[in-house]
Amino acid sequence: MRALGISASPREHSNSRAYLAFALKELAERGVETEMVDLRGLMIDECQACYSCAKTKECAVKDDFQGVFARMMEADAILVAYPVYHASEPAKLKALMDRAGFLGRWTANDLAAGQGSGGYQWKGTAFSGKIGTPIAVARRAGHAFAFAQTLLWFTVNDFIVTGSHYWNVGVAGKGGAVNPEDDQEAYGILSHQAENIAALLKKLKA
Ligand SMILES: Cc1cc2nc3c(=O)[nH]c(=O)nc-3n(C[C@H](O)[C@H](O)[C@H](O)COP(=O)(O)O)c2cc1C
């Protein structure tokens, strides 16, 4: 049982990373192997829409994406934590999602065969059967939209999405502060989220 946390704040000291670290700790306490990949400092360019991944099953843009995608492939559960920017995911995370989603689609499917039969015949994606959940962090508003944005990515890519007793959102960062402890409710939400992920992983791996 392996969980990968992807931290998508560009800041060295970050609220979203703090919530993610807590969620991973809760998973580790429930017997899940965890690791975190921090997008901070990594170069992940935007999807070029070249469609070469549909033919070669690899991304033509060579940067830090390949390393992150490999770790995503090894994980049974992926948690993505990020600051909300203008009610959306931050740009580097969006670039990762675009490239990982498209590559994951074409590593599991054949574009030519789909067209020849007059339509797509999807056989899942490279993410099929993995568990996914977002953690969206904002100072005041826009969590729900950004959270939904990431949920759409998880669900179109054939993830199994787990819930908690509330959305995984943290309220922190007024004026650039790093104050995740001000939202203790978020810790409770993430603790129960970890409980659900660990329980589901145990069933899936049984
Ligand atoms: C470019 C930018 C856009 C932001 N947009 C929002 C927003 O739409 N809603 C909000 O409540 N906070 C917004 N914030 C505040 C951050 O979401 C908040 O400070 C968050 O805690 C930062 O997470 P981090 O500490 O992990 O980087 C924005 C911050 C930046 C830098």
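Residues numbered from 1 in each chain as written. Predicted model: local features only at pLDDT ≥ 70, side-chain atom pairs only at ≥ 80, totals over all residues. Heavy atoms only, no water.

**Student:** How would you summarise the side chain of threonine 150 if you had to cite specific residues and measurements?
**Tutor:** Among the secondary structure elements, threonine 150 is positioned in helix H6 (residues 143–156). Polar side-chain contacts of threonine 150 include one of 2.7 Å to the side chain of glutamate 89. (Helix = DSSP H or I, 4+ residues; strand = E, 2+ residues; numbered from the N terminus. Polar contact = N/O pair within 3.5 Å; in protein donor to acceptor, adjacent residues only side chain to side chain.)

**Student:** Break down the pattern of salt bridges for me, citing the residues and quoting the values.
**Tutor:** Scanning the model with the defined rule gives 10 salt bridges in all. The closest approach of N and O atoms between arginine 30 and glutamate 26, which form a salt bridge, is 3.1 Å. Notably, a salt bridge pairs aspartate 76 with lysine 205, separated by 3.0 Å at the nearest N-O pair. Of this pair, aspartate 76 sits in the loop between helix H3 (65–74) and strand S3 (77–83) while lysine 205 is found in helix H7 (residues 184–205), placing the two residues 129 residues apart along the sequence. Among the ionic contacts, a cluster of salt bridges with common partners joins Lys25, Glu26, Glu29 and Arg30. (Salt bridge = Lys/Arg side-chain N within 4 Å of Asp/Glu carboxyl O.)

**Student:** Tell me about the packing of aromatic side chains, residues and numbers included.
**Tutor:** The full count for this structure, using the stated rule, is 13 aromatic pairs. With a centroid separation of 5.3 Å and an interplanar angle of 45°, the aromatic rings of tryptophan 153 and phenylalanine 159 are classed as tilted. As far as burial versus exposure is concerned, tryptophan 153 and phenylalanine 159 are alike and both buried. Among the aromatic residues, ring-to-ring pairing joins Phe65, Phe69, Phe127, Trp153, Phe154 and Phe159 into one connected group. Sitting over the ring of tryptophan 122, arginine 105 keeps its end group 4.9 Å from the ring centre. (Phe/Tyr/Trp six-rings, centres within 6.5 Å; stacked < 30°, edge-to-face > 60°. Buried < 20%, exposed > 50% of the residue type's maximum accessible area, 1.4 Å probe, protein only. Lys NZ or Arg CZ within 6 Å of the ring centre and 35° of its normal.)

**Student:** Now, about the nonpolar core: what can you tell me, with residues and values included?
**Tutor:** One finds Ile6, Met72 and Leu96 to be the most contacted residues of the largest nonpolar core, which totals 36 residues. At the level of elements, strand S1 (2–7), helix H2 (52–56), H3, S3, helix H4 (91–108), strand S4 (131–138) and H6 are the ones that each hand at least two residues to this core. Looking at this core element by element, the count peaks at 7 residues for H4. Beyond its immediate sequence surroundings of up to four residues, methionine 72 is in contact with Leu4, Ile6, Ile78, Leu96, Ala100, Phe127, Lys130 and Trp153. One finds Ala23, Leu79, Ala172 and Leu190 within the second-largest nonpolar core, a separate group that totals 22 residues. (Core = buried A, V, L, I, M, F, W, Y, C linked by side-chain atoms within 4.5 Å. Contact = heavy atoms within 4.5 Å.)

**Student:** Kindly report on H3, identifying the contributing residues and their values.
**Tutor:** Three or more residues of H3 are buried, namely Phe65, Val68, Phe69 and Met72. Looking straight down H3, one finds its buried side chains confined to an arc of 100°; they lie on one side. Those residues of H3 hidden inside the fold are in contact with S1, strand S2 (33–38), S3, H4 and H6. (Arc of directions from axis to C-beta.)

**Student:** Before we move on, can you summarise empty space enclosed by the protein with the specific residues and values?
**Tutor:** Counted according to the given criterion, the structure contains 1 cavity of 30 Å³ or more. Space inside the largest cavity adds up to approximately 100 Å³. The wall of the largest cavity is formed by 13 residues, among which Cys47, Gln48, Cys50, Cys53 and Cys59 lie closest to the centre. Of all elements in the fold, only H2 and H4 reach the threshold of two or more residues within the lining of the largest cavity. (1 Å grid on protein atoms, 1.4 Å probe; cavity = no way out; pocket = protein on both sides within 12 Å on 5 of 7 lines; lining within 4 Å. Points joined across faces, edges and corners; volume = space filled by probe spheres on them.)

**Student:** Go over the site of the ligand, please, and point to the residues and values.
**Tutor:** Among the 17 residues in the neighbourhood of the ligand, the closest are listed as Ser9, Ser14, Ser16, Arg140 and Ala141. At 2.7 Å from an oxygen atom of the ligand is found a side-chain nitrogen or oxygen belonging to serine 14. Residue valine 137 places a main-chain N or O atom 3.4 Å away from an oxygen atom belonging to the ligand. When the ligand is considered free in solution it has 640 Å² of accessible area, and contact with the protein chains removes 76% of it. Broken down by secondary-structure element, the contributors of at least two residues to the shell around the ligand are helix H1 (15–28) and S4. Considered class by class, the residues forming the shell around the ligand number 8 nonpolar, 6 polar and 3 charged. (Near = heavy atom within 4 Å. Areas by Shrake-Rupley, 256 points an atom, 1.4 Å probe, with all protein chains shown as cover. Nonpolar A, V, L, I, M, F, W, Y, C, P; charged D, E, K, R; others polar.)

Interpretation note: all reported values are geometric properties and have no functional meaning in isolation.
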